[in-house]
Amino acid sequence: MSQRISRLRDDVRSDTRPAGADRLAFVGRLQTILTHWPSADRLARAMGVSPSAFRKWLKGEAEPSRERLIALARAAGVGVAWLAEGEGPAPVFEAVAGSRRRQGAPATLDPEQFVLLPKRPEAAAAGGATPPAPPMAEFLALRHDWVRSACGTAPEDLLLELAVGDSMLPRIKDGDTLLVDTTGRSVRTFGVYVLEIDGQRLVKRVQRKHDGSLVLISDNPAYLPDIVGKAEAAKVTVIGRVVWAGGPI
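The structure displayed is predicted, hence computed values, not measured ones. (Residues numbered from 1 in each chain as written. Predicted model: local features only at pLDDT ≥ 70, side-chain atom pairs only at ≥ 80, totals over all residues. Heavy atoms only, no water.)

*Asks:* Help me understand the overall build of the chain, please; the structure alone is not making it clear to me.
*Replies:* Summing up its helical and strand segments, the chain has 8 helices and 12 strands in all. Relative to its full complement of 249 residues, the chain shows a buried share of 45%. In the chain, the proportion of contacts linking residues at least 24 apart, taken out of those at least 6 apart, comes to 61%. Carbon and sulfur atoms form 53% of the exposed surface of the chain, whose accessible area is close to 12500 Å². (Helix = DSSP H or I, 4+ residues; strand = E, 2+ residues; numbered from the N terminus. Buried < 20%, exposed > 50% of the residue type's maximum accessible area, 1.4 Å probe, protein only. Contact = heavy atoms within 4.5 Å. Areas by Shrake-Rupley, 256 points an atom, 1.4 Å probe, with all protein chains shown as cover.)

Here's what the structure looks like:
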């Protein structure tokens with residue numbers, strides 16, 4: 001797939017069409033996807049990028065990298081070739097109870113009472129294993145009142161992740177479902193966070209030092225803490241804070 005994206009991007013560079021036309025067409029496909037999502041911010045969080053970065057794509061001010069393009073296609077449930085170049089059949093979306101949803105989402109739940117969280121194609125690594133790729137048709141339905149009571153956040157601010165590996169044992173086990181509060185995009189207090197570092201998603205306890213560096217701590221004593229220096233810490237993407245993993249954290 002990555003080779004396919006590389007070829008597509010090379011084709012764009014060598015195409016005789018103006019670059020602006022290609023960008024406008026891409027923005028149009030983004031807008032098509034967004035008509036089937038509650039908001040641009042929700043789609044951005046589902047693919048693991050900041051809403052501000054996503055809005056730059058919508059305005060045509062920037063373009064996603066190859067990795068982000070693949071993540072966007074997976075989160076939106078569309079073909080990569082269609083998203084990148086408009087090639088192949090257009091995706092099919094279905095309407096639910098006055099709103100829009102992606103193909104494959106259950107249609108029998110009241111959106112006023114339940115939030116549907118799609119399982120991400122990538123999991124958050126907790127050490128010692130390679131994240132699986134669950135199918136995009138998998139969803140977890142949670143009652144709004146339970147989310148607010150158990151997680152202390154609004155349902156629309158939650159993201160679902162899967163933990164992989166044993167570095168966070170015994171609290172977080174391999175395969176555990178994690179609910180992540182995405183309202184905090186920085187490490188302000190000591191806690192368990194999902195981070196993206198050099199393209200890899202991790203779940204760790206994180207401590208911010210006074211000099212701006214980060215200490216990544218595993219609950220499993222077999223794993224030593226990792227230190228992320230101040231310069232590198234500035235490049236870390238904080239997906240959000242883990243608030244539930246089979247139970248409140």
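*Asks:* Teacher, can you tell me more about the nonpolar core here?
*Replies:* Nonpolar side chains in soluble globular proteins generally cluster together in the buried interior. Residues L30, I33, L43, M47, F54, L72 and L83 are the most contacted members of the largest nonpolar core, which totals 25 residues. Residue assignment for this core shows that the elements contributing at least two residues are α2 (19-34), α3 (40-47), α4 (51-59), α5 (66-76) and α6 (80-85). Per-element accounting of this core gives the leading share, 6 residues, to α5. By size, the runner-up hydrophobic cluster in this structure holds 13 residues, among which are L159, V180, V194 and A245. (Core = buried A, V, L, I, M, F, W, Y, C linked by side-chain atoms within 4.5 Å.)

*Asks:* Help me understand unusual backbone geometry in this model?
*Replies:* Excluding glycine, residues mostly have negative phi values, and the peptide bonds linking residues are mostly trans. The omega torsion of the bond from L169 to P170 falls at 5 degrees, within 30 degrees of zero and hence cis. Note on placement: P170 falls in the loop between β6 (158-164) and β7 (177-181).

*Asks:* Would you take a moment to explain the pairing of strand β10 (residues 214-217) for this structure?
*Replies:* In regular strands, side chains alternate between the two faces of the sheet. Judged from the 4 bridges that link them, strand β9 (residues 200-208) and β10 form a sheet pairing that is antiparallel. Of the residues in β10, the one forming a bridge with R208 is L214. Taking the residues between adjacent antiparallel strands as the criterion, β9 and β10 are bridged by 5 residues, where G212 takes a positive phi near 95 degrees. When β10 meets strand β11 (residues 226-228), the two strands line up antiparallel, connected through 3 bridges. Within the sheet, the bridge partner assigned to L216 lies in β11 and is D226. (Pairing = 2+ DSSP bridges.)

*Asks:* For this particular structure, what's the right way to read the packing of α3 against α4?
*Replies:* In contact at an axis separation of 9 Å, α3 and α4 are set at 115 degrees when each is read in the N-to-C sense. Viewed along their axes, α3 and α4 adopt a mutual orientation that is roughly perpendicular. Crossing hand, α3 versus α4: right-handed. Between α3, through A40, D41, L43, A44 and M47, and α4, the contact on the second element is made entirely by P51, F54, R55, W57 and L58. Residues of the contact of α3 with α4, tallied by class, amount to 8 nonpolar, no polar and 2 charged. (Axes fitted to C-alpha atoms, helices over the stretch in contact; angles between N-to-C directions. Parallel < 35°, antiparallel > 145°, perpendicular 65-115°, else oblique. Left-handed = near helix turned anticlockwise from the far one by under 90°. Nonpolar A, V, L, I, M, F, W, Y, C, P; charged D, E, K, R; others polar.)

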